[in-house]
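Listed below are the residues making up each chain.
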Amino acid sequence: MGIEVRPATQFEDLRTMVGPKRPDANVCWCLSYRIPSKQNLELRGTARGDLVKELVGQDPPPGVLAYDGGDVVGWAAVHPRAETSFARNRRIPQVDDLEVWSVWCIRVRPGHRGGGISHHLLKGAVELARSYGAPAIEGYPVDNRGSKVDLTMAYVGTRKLFEKAGFTKVADTDSVLNGFPRVLMRLDLRSAGDPR
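Residues numbered from 1 in each chain as written. Predicted model: local features only at pLDDT ≥ 70, side-chain atom pairs only at ≥ 80, totals over all residues. Heavy atoms only, no water.

Peer 1: I'd like a description of the sheet that holds strand 7 (residues 180–188), backed by residues and values.
Peer 2: Hydrogen bonding along the main chain pairs the strands of a sheet, whether they run parallel or antiparallel. Ordered by their spatial adjacency, seven strands build an open sheet running 1-2-3-4-5-7-6, and the pairing between neighbours is mixed. If you trace the sheet from one side to the other, it starts and ends with strand 1 (3–7) and strand 6 (168–177), each paired once. Each neighbouring strand pair of the sheet contributes to a mean axis angle of 25 degrees, computed without reference to strand direction. In terms of strand pairing, strand 3 (residues 71–80) meets strand 4 (residues 101–108) through seven bridges, oriented antiparallel. Paired with histidine 79 across the bridge in strand 4 is serine 102. Here helix 1 (residues 11–18) sits on the sheet in contact with strand 2 (63–68), strand 3 and strand 4, set at roughly 95 degrees to strand 3. (Pairing = 2+ DSSP bridges. Helix = DSSP H or I, 4+ residues; strand = E, 2+ residues; numbered from the N terminus. Axes fitted to C-alpha atoms, helices over the stretch in contact; angles between N-to-C directions. Contact = heavy atoms within 4.5 Å.)

Peer 1: I'd like to hear about the pairing of strand 3, residue by residue, with values.
Peer 2: Counting buried positions along strand 3 gives nine out of 10 residues, so the element sits mostly inside the fold. Where strand 2 and strand 3 come together, six bridges link them in antiparallel fashion. Its bridge partner lying in strand 3, aspartate 68 is registered against aspartate 71. Taking the residues between adjacent antiparallel strands as the criterion, strand 2 and strand 3 are bridged by two residues, where glycine 69 takes a positive phi near 65 degrees. (Buried < 20%, exposed > 50% of the residue type's maximum accessible area, 1.4 Å probe, protein only.)

Peer 1: Could you give an account of the layout of surface pockets, naming the residues involved and the relevant values?
Peer 2: In this model, the largest pocket occupies a volume close to 1,100 Å³. Taken together, 41 residues line the largest pocket, and the ones lying closest to its centre are Ile106, Arg113, Leu151, Ala154 and Tyr155. Of all the elements in the fold, those that place two or more residues in the lining of the largest pocket are helix 1, strand 4, helix 4 (117–131) and helix 5 (159–164). If one sorts the elements of the lining of the largest pocket by residue count, strand 4 sits on top with five residues. Taken together, the residues of the lining of the largest pocket sort by class into 19 nonpolar, 15 polar and seven charged. (1 Å grid on protein atoms, 1.4 Å probe; cavity = no way out; pocket = protein on both sides within 12 Å on 5 of 7 lines; lining within 4 Å. Points joined across faces, edges and corners; volume = space filled by probe spheres on them. Nonpolar A, V, L, I, M, F, W, Y, C, P; charged D, E, K, R; others polar.)

Peer 1: Outline the packing of aromatic side chains, listing residues and values.
Peer 2: Inspection of the entire model under this criterion finds six aromatic pairs. Taken together, a centroid distance of 4.6 Å and an interplanar angle of 20 degrees make the contact between tyrosine 33 and phenylalanine 86 stacked. On the criterion of sequence distance, the pair formed by tyrosine 33 in the loop between helix 1 and helix 2 (37–42) and phenylalanine 86 in the loop between strand 3 and strand 4 is long-range, its members being 53 residues apart. With relative accessibility at 0%, the residue phenylalanine 86 sits in the buried group. With a centroid separation of 4.6 Å and an interplanar angle of 35 degrees, the aromatic rings of phenylalanine 86 and tyrosine 140 are classed as tilted. Taken as a pair, phenylalanine 86 in the loop between strand 3 and strand 4 and tyrosine 140 in the loop between strand 5 (136–139) and helix 5 lie far apart in primary sequence, 54 residues in all. When its relative accessible area of 1% is taken as the criterion, tyrosine 140 is described as buried. Three or more aromatic residues joined by ring pairs form one cluster here, namely Tyr33, Phe86, Trp104 and Tyr140. (Phe/Tyr/Trp six-rings, centres within 6.5 Å; stacked < 30°, edge-to-face > 60°.)

Peer 1: Give me the nonpolar core: which residues, what numbers.
Peer 2: One recurring pattern in soluble globular proteins: nonpolar side chains tend to sit buried together. Judged by nonpolar contacts, the single largest core of 27 residues is most densely connected at Leu14, Val18, Cys30, Leu31, Leu65, Trp75 and Trp104. Breaking this core down by element, the ones donating at least two residues are helix 1, helix 3 (46–56), strand 2, strand 3 and strand 4. The contact partners of leucine 65, leaving out residues within four places of it in the chain, are Glu4, Val5, Arg6, Ala8, Gln10, Asp13, Leu14, Met17, Val72, Gly74, Trp75 and Leu121. Counting 25 residues, the second largest nonpolar core, distinct from the first, contains Ala66, Val73, Val78 and Val183. (Core = buried A, V, L, I, M, F, W, Y, C linked by side-chain atoms within 4.5 Å.)

Peer 1: Pulling in residues and values, what's your account of empty space enclosed by the protein?
Peer 2: Empty space left among the atoms is revealed by rolling a probe the size of a water molecule over them. Across all of its chains, the model carries one cavity of 30 Å³ or more by this definition. Quantified by volume, the largest cavity comes out at close to 70 Å³. As for the largest cavity, its lining consists of Leu14, Trp29, Cys30, Leu31, Arg34, Val52, Leu55, Pro62, Trp75, Ala77 and Trp104. The residue makeup of the lining of the largest cavity, split by class, is 10 nonpolar, no polar and one charged.

Laid out in structure tokens, this is it:
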């Protein structure tokens, strides 16, 4: 049947990918970059899941989910950069005034890794941004130069993953994750001759 990527509009599927085993546990829920730091620190227990439930009902949705048949197997967070903490991030530069979208988390469910799902997720994130008229999309992966990245830190993706999707490096960053520098990768979504 193959991998299908769809907008993240199903809370239960998103909870499978980013939620905790216990509903009251204080885990990320992929909110760390999505909301202001102060709000992120104030959210406790079930309040995090409640906010994510709200986000899946908004337009645009908070990202995309990958499915293998009826099973959810992956997640990618993507949203306009101006509405994320990247708009104010001092370690990851804003290279121009283009109203870009950011993709910052690509997660594949254990038992499904190694089958190219992250490539499908990144492509789906690009398509979601394009469908909302984004002029470009950025990611901030590690430049690991082929070295192994700890799975708990691999959520930002690798430079190679983004390059395979057509992104190019446009800037270095001051951010380091798992000992590797992060780079700003961008894909222009404007068609030739589009002044946007």
